[in-house]
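Here is what each chain is made of, one letter per residue.
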Amino acid sequence: MMKLDNFVGMMTGHFDNKDQFNKMQAEGKTYPYAEHVNTICNDKINNLPEDFKGKFVVEESYYEINGKRHASPHLFLITEIEQGILLSSYEIPKGEDKNTFSYDSMKNVDYSKLEKSEKFNPALYHEKDGIWEGGSTSQFSPVMTFKLWEKFSNNFLEVSESMEVNGKRTFGYDEPIIYKRV
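To keep things clear, this report deals only with the structure shown in the data block. (Residues numbered from 1 in each chain as written. Predicted model: local features only at pLDDT ≥ 70, side-chain atom pairs only at ≥ 80, totals over all residues. Heavy atoms only, no water.)

### Points about helix α1 (residues 2-11)
Quick reminder: α-helices carry 3.6 residues per turn. Residues three or four places apart thus point the same way.
And then number 1: All of the buried residues in α1 are L4, F7, V8, M10 and M11. In a view along the axis of α1, the buried residues occupy a sector of 160°, so they form one face of it.
And then number 2: Phi for G13, located one or two positions after α1, is positive at around 125°. (Buried < 20%, exposed > 50% of the residue type's maximum accessible area, 1.4 Å probe, protein only. Helix = DSSP H or I, 4+ residues; strand = E, 2+ residues; numbered from the N terminus. Arc of directions from axis to C-beta.)

This is how it looks when you write it as structure tokens:
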């Protein structure tokens with residue numbers, strides 16, 4: 001459980017990429033301003049098994065590019081397994097608005113009603129010298145692939161995401177988004 005607590009402690013909180021965004025703007029590059037607000041939400045999940053050792057986390061992701069702000073909320077379960085830390089994606093609970101879902105708006109939900117996401121492969125993370133690193137590749141459809149790679153430390157979150165359709169990137173950036181704790 002110590003590894004789980006360490007990992008969750010590094011990835012929860014409020015982060016943004018303001019420093020990176022300002023640098024990219026100064027270089028004339030189009031790059032998103034991004035925020036992550038990651039909050040443990042086990043307190044909003046009823047009837048967790050008595051021996052439950054995982055941590056559910058609401059991830060509120062906000063991206064702003066060309067003056068347009070987009071929200072992309074997620075619900076994750078983080079567990080410790082023999083090989084490292086496993087991050088599994090869950091569907092936003094039924095009855096919640098997928099566009100505005102956040103920790104603050106989240107209503108209490110019964111554990112038995114939560115559904116694991118079928119399209120996301122769980123991401124596996126390993127720790128080396130105080131930095132957690134890992135990710136996954138998910139096949140959303142025969143032609144659509146989502147790739148995630150992340151690094152966490154006490155000071156930053158580094159996130160690389162891309163979506164490919166027929167091998168061509170339709171979403172993602174050449175450089176990872178580097179978030180710092182706010």
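### A few points about the pairing of strand β4 (residues 55-65)
And then number 1: Burial analysis of β4 places 8 of its 11 residues in the buried class, the great majority of the element.
And then number 2: Pairing of strand β2 (residues 33-40) with β4, which is carried by 8 bridges, proceeds in the antiparallel orientation. Bridging from a neighbouring strand, Y33 pairs with E64 of β4.
And then number 3: Bridging between β4 and strand β5 (residues 68-81) involves 11 bridges; their strand directions are antiparallel. In the strand pairing of β5, E59 is matched with H74. (Pairing = 2+ DSSP bridges.)

### Some details on the environment of A34
And then number 1: Among the secondary structure elements, A34 is positioned in strand β2.
And then number 2: Using a relative accessible area of 0% as the deciding quantity, one classes A34 as buried.
And then number 3: Considering only alpha carbons, one finds A34 and K18, 16 residues apart in sequence, at a separation of 7.6 Å.
And then number 4: If near-sequence neighbours (up to four positions away) are discounted, A34 is found in contact with F15, D16, N17, Y62, Y63, I177 and Y179. (Contact = heavy atoms within 4.5 Å.)

### A closer look at unusual backbone geometry
And then number 1: Positive phi is not limited to glycine here, since N66 has a value of about 55°.
And then number 2: Along the polypeptide, N66 turns up in the loop between β4 and β5.
And then number 3: The phi dihedral of D129 is positive, around 55°, even though this residue is not glycine.
And then number 4: In this fold, D129 is placed in the loop between β8 (123-128) and β9 (131-139).
And then number 5: Overall, the relative accessible area of 72% leaves D129 in the exposed class.

### What to know about the pattern of salt bridges
And then number 1: Considering all chains together, one arrives at 9 salt bridges under this definition.
And then number 2: Of the charged contacts, one joins D19 and K180 as a salt bridge, the two residues approaching to 3.3 Å between their closest N and O atoms. Of this pair, D19 sits in helix α2 (residues 18-26) while K180 sits in strand β13 (residues 177-181); the two residues are 161 residues apart in sequence, bridging distant segments of the chain.
And then number 3: Looking at D19, the relative accessible area reads 48%, which means it is partly exposed.
And then number 4: Residue R169 is joined to D174 by a salt bridge in which the shortest nitrogen-to-oxygen separation is 2.9 Å.
And then number 5: Put simply, K23, E27, K29 and E175 are held in one network by salt bridges that share partners. (Salt bridge = Lys/Arg side-chain N within 4 Å of Asp/Glu carboxyl O.)

### Overview of α2
And then number 1: Among all positions of α2, only Q20, F21 and M24 are buried. Along the axis of α2, the buried residues cluster in a sector spanning 100°; they form a single face. The exposed set on the far side of α2, more than 90 degrees from its buried face, consists of K23 and A26.
And then number 2: Of the surrounding elements, those touching the buried residues of α2 are β2 and β13.
And then number 3: Of the residues trailing α2, G28 is marked for its positive phi of about 80°.

Taken by themselves, the reported measurements are silent on function.
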